[in-house]
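Summary of the model geometry
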Amino acid sequence: MFRPGHLIAAIALVAIALVAFAAPTQAGRKQPTGPIIVDTDIGVDDALAITWLLGQPNVEIVGFTTVVGNTSGDHATRNLLTLVAAAGEQYPVTVGAADPLELSRTRTGALIHGPDGLWFAQRPADIAGLPTDAPAALAAAAREHPGLTIVALGPLTNVARAIAAYPADMAGVRLVALGGAQRGGNRTPVAEFNIYADPDALAAVLASDMQVELVTLDAFSQVTVNPEQLIRRLGRRGDAVGALLAQSFGAYVRAQQMQGEAGRAAIPDAAAAVYALYPDLGGAQSALVKVVVDDGLARGQTVIAADLANRIPMIADDAELSALADQAFTPGSDMNAALGAILLREPDNAQVILDLDEGAVLRLFERDLLR
Ligand code: RIB
Ligand code: CA
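Residues numbered from 1 in each chain as written. Chains lettered and ligands numbered in written order. Predicted model: local features only at pLDDT ≥ 70, side-chain atom pairs only at ≥ 80, totals over all residues. Heavy atoms only, no water.

Note on placement: V68 falls in the loop between β2 (61–66) and α3 (73–86). Under the relative-accessibility criterion, V68 is labelled buried at 3%. Apart from the residues within four sequence positions on either side, V68 is in contact with D41, G73, A97, A98, D99, P100, R105 and P155. (Helix = DSSP H or I, 4+ residues; strand = E, 2+ residues; numbered from the N terminus. Buried < 20%, exposed > 50% of the residue type's maximum accessible area, 1.4 Å probe, protein only. Contact = heavy atoms within 4.5 Å.)

What follows is the structure, given as structure tokens:
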């Protein structure tokens with residue numbers, strides 16, 4: 001006599017089989033000191049992240065690409081040039097996408113990051129002569145820098161276009177992307193901003209051969225700072241970068257508080273940047289991820305199954321599972337085989353980071369940002 005508990009047991013058996021052949025766990029991975037390229041829609045938390053990355057002594061930053069997201073592509077580019085100049089540095093900068101792949105551009109980032117993306121901290125910058133082929137720049141970086149990590153702090157439009165135009169160069173490249181949510185959302189109740197801004201881009205990334213690591217809202221919302229304290233400590237840097245970050249972060253926090261997010265402040269991109277260099281601080285797990293691309297109520301929602309029971313309904317529709325259920329009580333039916341066959345139809349397509357070690361991330365962030 002088949003009982004519901006048998007279904008659970010069947011899934012458990014399949015789970016044991018699959019885990020036995022799963023990729024090695026992520027635990028214990030050392031900090032990758034390989035080269036990085038940063039793709040950014042530089043808004044305020046991007047600026048914190050990039051400043052932290054600029055201060056990492058043993059990481060080679062081979063360049064930056066800019067993308068529309070928090071602000072327009074041109075504002076993002078001028079913001080990046082403003083920040084890099086304030087830091088007294090120079091890097092290759094390539095201007096990227098001004099619009100998402102398919103949907104219309106959201107302009108709601110201005111409510112959190114200001115009309116220029118940095119709450120008026122942007123300075124005049126000549127972007128006219130910059131290269132404008134960000135997909136080519138990402139692919140070239142992958143070719144020329146073995147072991148490259150692409151750190152994507154905004155919508156994935158440039159990365160998706162690079163995959164389409166240069167699939168062989170992008171295959172196998174490590175992508176650490178801030179985006180998605182297993183539960184909740186920060187642009188809508190069910191969508192995180194970067195994925196909401198360009199859901200088609202995430203769909204293309206998930207279908208690619210890149211090594212995708214998604215730092216989700218579930219993880220980055222765990223990493224929060226005392227805003228007044230951070231602003232004071234940024235001011236005490238006594239340099240142009242500290243002044244820029246203190247000014248823009250102050251307005252960013254006030255804007256969030258106006259939206260009812262009082263108290264501690266999340267620093268999403270900074271958390272993702274620290275994870276990119278210290279992956280042991282995140283609980284990366286293999287998952288099947290799908291994304292809603294139509295421009296409706298659930299635009300940009302990411303459906304994330306990191307356990308076997310949830311993978312099955314993401315792969316088989318109700319008609320198929322109902323037919324299985326009809327047979328489940330028939331003597332001789334082999335539920336294990338049926339469920340196993342379903343699971344093997346769609347392998348996992350990403351590593352998702354749903355948890356971060358807040359204390360360790362903040363210690364590293366504040367150690368290197370606030371001299
Ligand atoms: O959801 C947070 C993300 O959206 C961050 O990258 C922030 O800069 C915005 O782009
Ligand atoms: Ca960003």
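Attention now moves to the layout of surface pockets. Of the pockets and cavities examined, the second largest pocket occupies roughly 580 Å³. As for the second largest pocket, its lining consists of 28 residues, of which I112, H113, N186, F193 and Q256 are closest to the centre. Secondary structure elements with two or more residues in the lining of the second largest pocket: α2 (44–54), α4 (110–113), α8 (193–197), α10 (217–220), α12 (240–258), β8 (265–266) and α13 (268–277). It is α4 that provides the largest number of residues to the lining of the second largest pocket, a total of three residues. Across the lining of the second largest pocket, the residue classes break down as 11 nonpolar, nine polar and eight charged. (1 Å grid on protein atoms, 1.4 Å probe; cavity = no way out; pocket = protein on both sides within 12 Å on 5 of 7 lines; lining within 4 Å. Points joined across faces, edges and corners; volume = space filled by probe spheres on them. Nonpolar A, V, L, I, M, F, W, Y, C, P; charged D, E, K, R; others polar.)

Turning next to the packing of aromatic side chains. Two measures describe an aromatic ring pair: the distance that separates the ring centres and the angle between the ring planes. Counting across every chain of the model gives three aromatic pairs. Residues F64 and Y91 carry aromatic rings whose centres are separated by 5.5 Å and whose planes lie at 85° to one another, so their mutual orientation is edge-to-face. With a gap of 27 residues between them, F64 in strand β2 and Y91 in the loop between α3 and β3 (93–95) connect regions that are remote in the sequence. A relative accessible area of 2% means that F64 is categorised as buried. Since its relative accessible area comes to 23%, Y91 is described here as partly exposed. (Phe/Tyr/Trp six-rings, centres within 6.5 Å; stacked < 30°, edge-to-face > 60°.)

With that out of the way, let us pick up the side chain of R174. Residue position: R174 is located in strand β5 (residues 174–178). Among the polar contacts listed, one links the side chain of R174 to the side chain of T149, at a separation of 3.3 Å. Separated by 2.6 Å, the side chains of R174 and E213 make a polar contact. (Polar contact = N/O pair within 3.5 Å; in protein donor to acceptor, adjacent residues only side chain to side chain.)

Time to look at the coordination of the calcium ion (ligand 2). Binding of the calcium ion (ligand 2) to the protein goes through D41 (OD), D46 (OD), D46 (OD), L153 (O) and D269 (OD), at separations of 2.2 to 2.6 Å. Counting residues between consecutive donors of the calcium ion (ligand 2) along the chain gives the motif D-x4-D-x106-L-x115-D. Here L153 is found in the loop between β4 (149–152) and α6 (157–165), whereas its partner D269 is found in helix α13, with 116 residues between them in sequence. Summarising the burial analysis for this pair, L153 and D269 share the class buried. (Donors = N, O, S within 2.8 Å, 3.2 Å for Na, K, Ca; no water.)

What follows concerns the packing of α2 against helix α17 (residues 358–369). Between α2 and α17, the least distance of the axes is 9 Å, while the angle of their chain directions is 70°. By the angle class used here, α2 and α17 are roughly perpendicular. Counted together, L48, T51 and W52 of α2 and L364, F365, D368 and L369 of α17 form the full contact between these two elements. Here the residues of the contact of α2 with α17 sort into five nonpolar, one polar and one charged. (Axes fitted to C-alpha atoms, helices over the stretch in contact; angles between N-to-C directions. Parallel < 35°, antiparallel > 145°, perpendicular 65-115°, else oblique.)

Further remarks concern the confidence of the model for the chain. Interpretation of the predicted coordinates at a detailed level should be avoided for regions scoring low in pLDDT. In this model, the chain carries an average pLDDT of 91, and 90% of its residues clear a pLDDT of 70 or more. Overall, residues 1–8 carries pLDDT values under 50, and its contacts beyond four positions in sequence, including any with other chains, amount to seven contacts. Note on residues 14–30: pLDDT is under 50 here. Beyond four places in sequence and across chains, it has 19 contacts. (pLDDT = per-residue confidence, 0-100.)

Moving on to the site of ligand 1. Taken together, 14 residues form the shell around ligand 1, and within it D45, L153, E192, N194 and D269 come nearest. In this structure, an oxygen atom belonging to ligand 1 sits 2.8 Å away from a main-chain N or O atom of L153. One of the side-chain nitrogen or oxygen atoms of D269 is found 2.7 Å away from an oxygen atom of ligand 1. Taken atom by atom, the bulk of ligand 1 overlaps the second largest pocket. Those elements that provide at least two residues to the shell around ligand 1 are α2, α8 and α13. (Near = heavy atom within 4 Å. Sits in = over half its atoms within 2 Å of the grid points.)

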